Amino acid sequence: MSVQMDEQEVVRSVPKQLFIGGSWVDAAGGATFEVTDPSTGEVLCSVADASPEDGMTALSAAADAQAEFAATSPRSRSDMLMNAFRLLHERVDDLALLMTLEMGKPLAESRGEILYAAEFLRHFAEEAVRVDGGYQIAPTGGARFLVAKQPVGPCLLITPWNFPMARGTRKIGPAIAAGCTSVIKPAQQTPLSMLALAGILREAGVPDGVVNVLPTTGAGKVMEPLIRSGIARKLSFTGSTEVGRRLLEQCADKVLRTSMELGGNAAFIVFDDADLDAAVEGAVAAKMRNSGEACTAANRIYVHADVVDEFGSRLAKAMAAMPVGRGVDDGVRVGPMIDAAAQEKVQELVQDAVDHGAQVLTGGERPTTAGYFYPPTVLTDVPDDARMRHEEIFGPVAPISSFSTEDEVVRAANDTEYGLVDYVFTNDLRRALRVAEALEAGMIGLNQGVVSNPAAPFGGVKASGLGREGGSTGIDEFLETKYIGIAM
Ligand code: NAP
């Protein structure tokens, strides 16, 4: 059992160096950068700031460890992941506090994320020993086909700040299960959770060089040479579509395998026959998880004209009742935005919608206190030409519009370059299936506001990405298929 630490102890407990080849090392030249608490704007600590040279050292360590790691038994890799799963459970309270301090989300949500992150380790521990192949007689009968799965090779993993731990284990879990080594670059706002995870993976028995972690303020300068090196064989990225596009171009050079979990612009559709209590509860979950700083966040809420007023007033009441504050304080349900720029963008999008005719049902005013807070906000009559209809809000703002027909709302929902997730609330089974099939998204929440589950395939279509994480196919992203033709 761990003894729970206080804020200072928990920050002190995390190594602040780069993790390369199983050792904690300073960045070349001793460079560091500051990590701040978004609820106060105050500096929490300084962390080593990797240079391009450090990047190459980390990739060499991963490449050196690859062959030996690929030859370990699936059971031993599974055991490493299960050990790490147990350690995350044992230390959940300390890790949650650390995450809340660097990222801002309320403690209960951080705790939820650590347990969710641990589930990816357990899921892929179970997948590690289930990788199979095939044996087939050639259609002409003259040969046999053997089909084997092998690790892709050294991987580059880039993660965002909004889920600092779960976006890491969703990549590291299948990489280890498949027998791949990796270099991980966490977001510069939230390196501490990943550094803590690196220490836990080492304790769990992951061999030196298999996992290398590079916090840096020079994401592009450090990662591009690694992508173009010809040593890495795969890039798995979670982040914005804008950066994802640039990385895909870089990957084309050496034809790297890619998994891309990019931006979203989720539609949340409420039909007139829906259970309104469930729809409001679902909207709060889909909008307010992570204070709206989630790729799965409901970004466009479409409600049938017959129930839009009732839905809007119930949602406004539920969101107005959510206490805003420092994530470490009791009862807080909404933490700060990640930084001043994020807070500013949310305010701009709200002002733009209001300028285009939207009505504010609750919130809508940025507070003047310290920290990057924004209140839960509900807007109604949001027109199509408001920016927030087309851009990710990434904040606690729920924009409602009304619709009249099924065709109209499906067309509106699909009128976006994104296609990560949409939500549909209706009690008509035929309509539910019809609409779920017509929506252009990788995931549909049917009468539920949360779709994320380690055992389900997570990912998007269109500009929301390529590939799937989690589920029974998540490990395939880290495996190559090899066909061996046998003469008989
Ligand atoms: P971002 O700016 O794209 O950053 C994501 C990661 O990419 C960070 O680690 C960032 O490093 C790094 N990065 C930035 N520029 C880079 C470059 N030129 N080369 C290599 N790496 C680079 O995204 P964000 O604003 O932090 O995160 C929010 C976005 O992620 C949203 O669009 C959200 O929808 C998306 N997201 C998608 C999913 C999904 O599963 N589909 C899940 C979560 C979030 P720095 O921190 O140093 O900038």
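To be clear, the structure that these remarks concern was listed above.
This one's a predicted model, so the numbers in the text were calculated from it and none came from an experiment.

Caption draft 1: Seen up close, the sheet that holds strand E13 (residues 298-304). With respect to topology, seven strands assemble into an open sheet ordered E14-E15-E16-E13-E12-E17-E18, the strand pairing being mixed. At either end of the open sheet lies a strand with only one pairing partner, and these are strand E14 (359-362) and strand E18 (443-446). Taking each pair of neighbouring strands and ignoring which way they run, the sheet shows an average axis angle of 25 degrees. Relative to E13, strand E12 (residues 266-270) is paired through five bridges, and the arrangement is parallel. Each bridged residue has a counterpart across the sheet, and for Ala267 the counterpart in E13 is Arg300. Packing against the sheet, helix H13 (residues 406-414) makes contact with E12, E13 and strand E16 (397-403), and its axis sits at approximately 170 degrees to E13.

Caption draft 2: Structural context of the sheet that holds strand E5 (residues 134-137). The three strands lie next to each other as E5-E6-E20, forming an open sheet whose pairing is antiparallel. With partners counted over all chains shown, the strands left at the sheet margins are E5 and strand E20 (479-487), one partner each. Between one strand axis and the next, the sheet turns by 20 degrees as a mean value, whatever way the strands run.

Caption draft 3: Just the environment of Asn212, in detail. For Asn212, the location among the structural elements is in strand E9 (residues 211-213). Taking relative accessible area as the criterion, Asn212 reaches 0% and is therefore assigned buried. Expressed as a C-alpha distance, the spacing of Asn212 and Thr57, which sit 155 residues apart in the sequence, is 9.8 Å. For Asn212, the side chain forms a polar contact with the main-chain nitrogen of Gly21, separated by 2.8 Å.

Caption draft 4: The arrangement of the state of the cysteines in detail. All chains considered together, the criterion is met by zero disulfides. As a non-bridged cysteine, Cys155 has Cys180 as the owner of its nearest cysteine sulfur, 4.1 Å distant. On the accessibility criterion, Cys155 (1% relative accessible area) is buried.

Conventions we followed
Note that residues are indexed from 1 along each chain, following the sequence as it is written. For a predicted model such as this one, the threshold for reporting local features is a pLDDT of at least 70, and the threshold for listing and counting side-chain atom pairs is 80 or more; totals across whole chains, interfaces and linings nevertheless cover every residue. The basis for every side-chain value is the complete set of heavy atoms in the structure, and neither hydrogens nor water enter the calculation. In this scheme, strands are said to pair when DSSP sees at least two bridges between them. By the criteria applied, helices consist of DSSP H or I runs no shorter than four residues and strands consist of E runs no shorter than two, each listed in order from the N terminus. As a rule, the C-alpha atoms of each element are fitted with a line to give its axis, helices using only the stretch in contact, and angles between N-to-C directions run from 0 to 180 degrees. The contact rule is simple, with two residues in contact once any of their heavy atoms fall within 4.5 Å. Buried, partly exposed and exposed residues are distinguished by accessible area as a fraction of the type maximum, computed with a 1.4 Å probe on protein chains only: under 20%, between the cut-offs, and over 50%, respectively. A 3.5 Å cut-off defines polar contacts: any pair of N or O atoms within that distance qualifies, except that in protein one atom must be a possible hydrogen donor and the other a possible acceptor, and neighbouring residues in sequence count only when both atoms are side-chain atoms. Sulfur atoms of two cysteines make up a disulfide when they are within 2.5 Å.

That's the geometry; what it means functionally is another story.
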